[in-house]
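# Coordinate analysis (summary)
Residue strings, one per chain:
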Amino acid sequence: GESVGLHLPTLSVQEGDNSIINCAYSNSASDYFIWYKQESGKGPQFIIDIRSNMDKRQGQRVTVLLNKTVKHLSLQIAATQPGDSAVYFCAENIMSNTGKLIFGQGTTLQVKP
Amino acid sequence: NAGVMQNPRHLVRRRGQEARLRCSPMKGHSHVYWYRQLPEEGLKFMVYLQKENIIDESGMPKERFSAEFPKEGPSILRIQQVVRGDSAAYFCASSPRQGTWSTEAFFGQGTRLTVV
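Read on for an overview of the structure.

Calculation criteria
- Residues numbered from 1 in each chain as written.
- Chains lettered and ligands numbered in written order.
- Predicted model: local features only at pLDDT ≥ 70, side-chain atom pairs only at ≥ 80, totals over all residues.
- Heavy atoms only, no water.
- Disulfide = S-S within 2.5 Å.
- Helix = DSSP H or I, 4+ residues; strand = E, 2+ residues; numbered from the N terminus.
- Buried < 20%, exposed > 50% of the residue type's maximum accessible area, 1.4 Å probe, protein only.
- Pairing = 2+ DSSP bridges.
- Axes fitted to C-alpha atoms, helices over the stretch in contact; angles between N-to-C directions.

### Topic: the state of the cysteines
Simply put, disulfide is the name for a covalent bond between the sulfur atoms of two cysteines. A complete count under the given rule lists two disulfides over all chains for this structure. Here C23 of chain A pairs with C90 of chain A through a disulfide, and the sulfurs are 1.7 Å apart. Of this pair, C23 of chain A sits in strand β2 (residues 19–24) while C90 of chain A sits in strand β8 (residues 86–93), placing them 67 residues apart in sequence. Exposure remark for C23 of chain A: the relative accessible area of 9% places this residue in the buried category. Sulfur-sulfur distance for the disulfide between C23 of chain B and C92 of chain B comes to 1.9 Å. Its torsion about the S-S bond being 75°, the disulfide of C23 of chain B and C92 of chain B is classed as right-handed. Of this pair, C23 of chain B sits in strand β3 (residues 19–24) while C92 of chain B sits in strand β9 (residues 88–95), and the two are 69 residues apart along the sequence. When its relative accessible area of 0% is taken as the criterion, C92 of chain B is described as buried.

### Considerations on the sheet that holds strand β7 (residues 72–77) of chain A
All names here are of chain A. Spatially, β2-β7-β6-β5 is the arrangement adopted by the four strands of the open sheet, whose pairing is antiparallel. Two strands close off the open sheet at either side, each with one partner strand: β2 and β5 (56–58). Neighbour-to-neighbour, the strand axes of the sheet open up by a mean angle of 15°, direction not taken into account. Direction of pairing for strand β6 (residues 62–67) relative to β7: antiparallel, over a ladder of six bridges. Residue V62 lies in a different strand from β7, and its bridge partner there is I77.

### Quick notes on the pairing of β8 of chain A
Residues and elements named next belong to chain A. Within β8, seven of the eight residues are buried, which leaves it mostly tucked inside the rest of the structure. Of the strand pairs in this sheet, β8 and strand β10 (residues 107–112) are connected by three bridges, and their pairing is antiparallel. By the bridge assignment for β10, A86 is matched with L109. Bridge count between β8 and strand β9 (residues 102–103): two bridges; the pairing is antiparallel. Bridge assignment links E92 to a residue of β9, and that residue is I102.

The analysis is restricted to geometry; functional conclusions fall outside its scope.
Structure representation (structure tokens):
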């Protein structure tokens, strides 16, 4: 399954499938990006990050891709599990700035058993 | 080492009252960021503080909102004369250094403010 972030705020996938969550970031000067997972009633939880001098980074079951040309970020989750159901936010940062993160609107991921 | 502690978790205030939200950063963290989250929206930056200093308050409304992070004790976000539009979840995050996120910065569980 694939979403376009702001335009498709909910992504529904079958357990075991791969998920792709997309994000269009706003500032071409941003040089650091993070994906967060937020479960209902909880604070954001760090998933994976990437600096602007990279275009891909892999973690455990997750991969982040960065395309600076079109200011696009994606999060790929392999073998999606019910525990992955949450809202996913991308956030951008300009490291030379005060360090504050600017969050996108978020995508809800629903995993069907 | 306890995580970032926010209290209260839920706060109900009548219009015109004051709301005080507390954030105790992780041990060893001297940088605190406050964010507001409206229902079905992302987190919006409000203010960034270091001990006894406000570094960036570009996201704070001009009136009724203030924040502090004293030398001793938690960071406080204060909202005076609350209105219904202030109803939201307020999150703080702490980090050991400016601009450090990744696995070193953590968010609290948030305070959910409801104005009735």
